[in-house]
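Spelled out, the chains give:
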Amino acid sequence: MMSASLWRKAGAARWDVWAQPRGWLVYAAFCEFTAVALVFFDLVHQPPAAKDFGWFAVLAVLGLVQAELSRRIERMRRWMAGEMHVNLTSVWCLAGTVLLTPAMVSLLVVVLYVHLWLRVWRHVRSRPLHRVAVSTAWALLSCFAAALVLRLTGLGGLDEGSPSAARAVGIVLSSAAAFELVSAVLVCAGIFLYTAKRSPRELLGTASDNALEIVTLCLGGLTALALVYQPPLVLLVLPPLLMLHRSVLVKQLEVAATTDDKTGLANAVAWHDAAQRVGEQAGRQGRPFAVLMVDLDHFKRVNDTYGHVAGDAVLRAVAEALQAEVRAEDVVGRFGGEEFAVLLPEVAEPAALEIAERLRKTVSALAVPVPGEQERQVRGLSVSIGVAVYPRSAESLERLLLAADAALYRAKNAGRDRVVSI
């Protein structure tokens, strides 16, 4: 019989699923149903042959060995990842797509994802089971799309006959392109429905994310070619794959060291480094730049009234609002607590005041849902903003920061919810 604690965990898991946006739930259910239906359809119309079980066994063993050897790295990466996360299973998915029937590829994907769930993802709060299930469905649908392209183009599988070098390359590239395109579309739609994010970076991931996916697909193609033409050489794929995984973790650690963990903005050290570079350039070229010190008014009341979890949600919402209202070259950072800083390169005082006023109005219009209580919202937020502009306010970065901070102090003393320059 299930214990009381297990019942509570099961109830929390059910609530976690049904608390998700309705549009995402419908989309996820549709993807999962379609993937399962395609598997059964393919099993009926294209039963696997003996060779499929051999290829499957080899790829499954390689995939599980790679996952075990990089288990700790994957767990750390998953802890630090956002919505977009490349887990390197594409290597084995693509290799399976050009060697196996779609149904057998699907079995391979399920085995790899179940193993990752049991050994890595179930320990990570940001990777709940319902998201793993829909990610698995997306991988299955991407494999089916790649297989369909191979059928429609007449290229066939890599192990059918003795393909020429040109045909082998065509098989690998065609399947990789179809896999990547369908995967990107499915993931973009899922992220949009799950988070309502709209920027290309948030939906498509960074250039590094996409480069990593392309590299894994290349390794998948090389794995398939090695298995067909020189099977022993497939073992040479594992060392670079493991080193690639480790190098990606190092990059994520570097990013984490310069990022505020609550808001995703630049932390104080990273912001100051960026400001130092802008200041040096401005000094050489004789151009202005502005610094805005932004402080949430009466933030303690939010924590006292709604709780610290809601307070963190407010900080994230304000951070997103500030970031959305400035240019790509501007730098928004969090200095700690409820204080933010905005660096505006090549912006003089009139434009800086206009931007600061726009930021103040944007924050005032925010309505932040209280986590776990979607019917409650935190409203009536306001910010005080101090503005300082180089070289009018000060001629060094440190003095400019002091001037902006003094202007912020004046805004607070004048009644808050206002912009003051100095």
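Given the structure is predicted, the values throughout are model-derived calculations rather than measurements. (Residues numbered from 1 in each chain as written. Predicted model: local features only at pLDDT ≥ 70, side-chain atom pairs only at ≥ 80, totals over all residues. Heavy atoms only, no water.)

1. A look at the sheet that holds strand S7 (residues 419-421)
Thought 1: What the five strands build is an open sheet, ordered S2-S3-S1-S6-S7; its pairing is mixed. Both edges of this open sheet fall to strand S2 (331-336) and S7, since each of them pairs with a single strand only. The mean inter-strand angle of the sheet, taken between neighbouring strand axes irrespective of direction, is 20°.
Thought 2: Here strand S1 (residues 289-296) pairs with strand S6 (residues 383-390) via eight bridges, running antiparallel. Opposite Asp295, over in S6, you have Ser384 as the bridge partner.
Thought 3: Relative to the sheet, helix H15 (residues 349-364) contacts S1, strand S3 (339-345), S6 and S7, its axis offset from that of S6 by approximately 165°. (Pairing = 2+ DSSP bridges. Helix = DSSP H or I, 4+ residues; strand = E, 2+ residues; numbered from the N terminus. Axes fitted to C-alpha atoms, helices over the stretch in contact; angles between N-to-C directions. Contact = heavy atoms within 4.5 Å.)

2. Let's talk about the environment of Ala103
Thought 1: Mapping Ala103 onto the fold places it in helix H6 (residues 102-119).
Thought 2: Separated by 62 residues in the primary sequence, Ala103 and Phe41 have C-alpha atoms spaced 8.6 Å apart.
Thought 3: When neighbours within four sequence positions are excluded, Ala103 is seen to be in contact with Val39, Asp42, Leu43 and Phe144.

3. So, the pairing of S6
Thought 1: Burial analysis of S6 places eight of its eight residues in the buried class, which makes it a mostly covered element.
Thought 2: Pairing geometry for S6 and S7, over three bridges, is parallel. Bridge pairing links Gly386 to Val420 in S7.
Thought 3: Chirality of the crossover, the property in question, places the unit of S6, helix H16 (residues 397-413) and S7 among those that are left-handed. (Buried < 20%, exposed > 50% of the residue type's maximum accessible area, 1.4 Å probe, protein only. Right-handed = clockwise from strand over helix to strand, strands pointing away.)

4. Points about the confidence of the model for the protein
Thought 1: Overall, the predicted model of the protein reaches an average pLDDT of 87, with 92% of residues at or above 70.
Thought 2: Residue range residues 1-15 is modelled with pLDDT below 50. Its contacts to residues more than four positions away, or to other chains, number two contacts. (pLDDT = per-residue confidence, 0-100.)

5. Some points on helix H7 (residues 129-153)
Thought 1: Here H7 contains 25 residues, and its C-alpha end-to-end distance of 37 Å stays within 8% of the 36 Å for a straight helix at 1.5 Å per residue.
Thought 2: The element H7 is largely enclosed, with a buried count of 18 among its 25 residues.
Thought 3: Just past H7, the residue Gly154 takes up positive phi, approximately 80°. (Expected span 1.5 Å × (residues − 1).)

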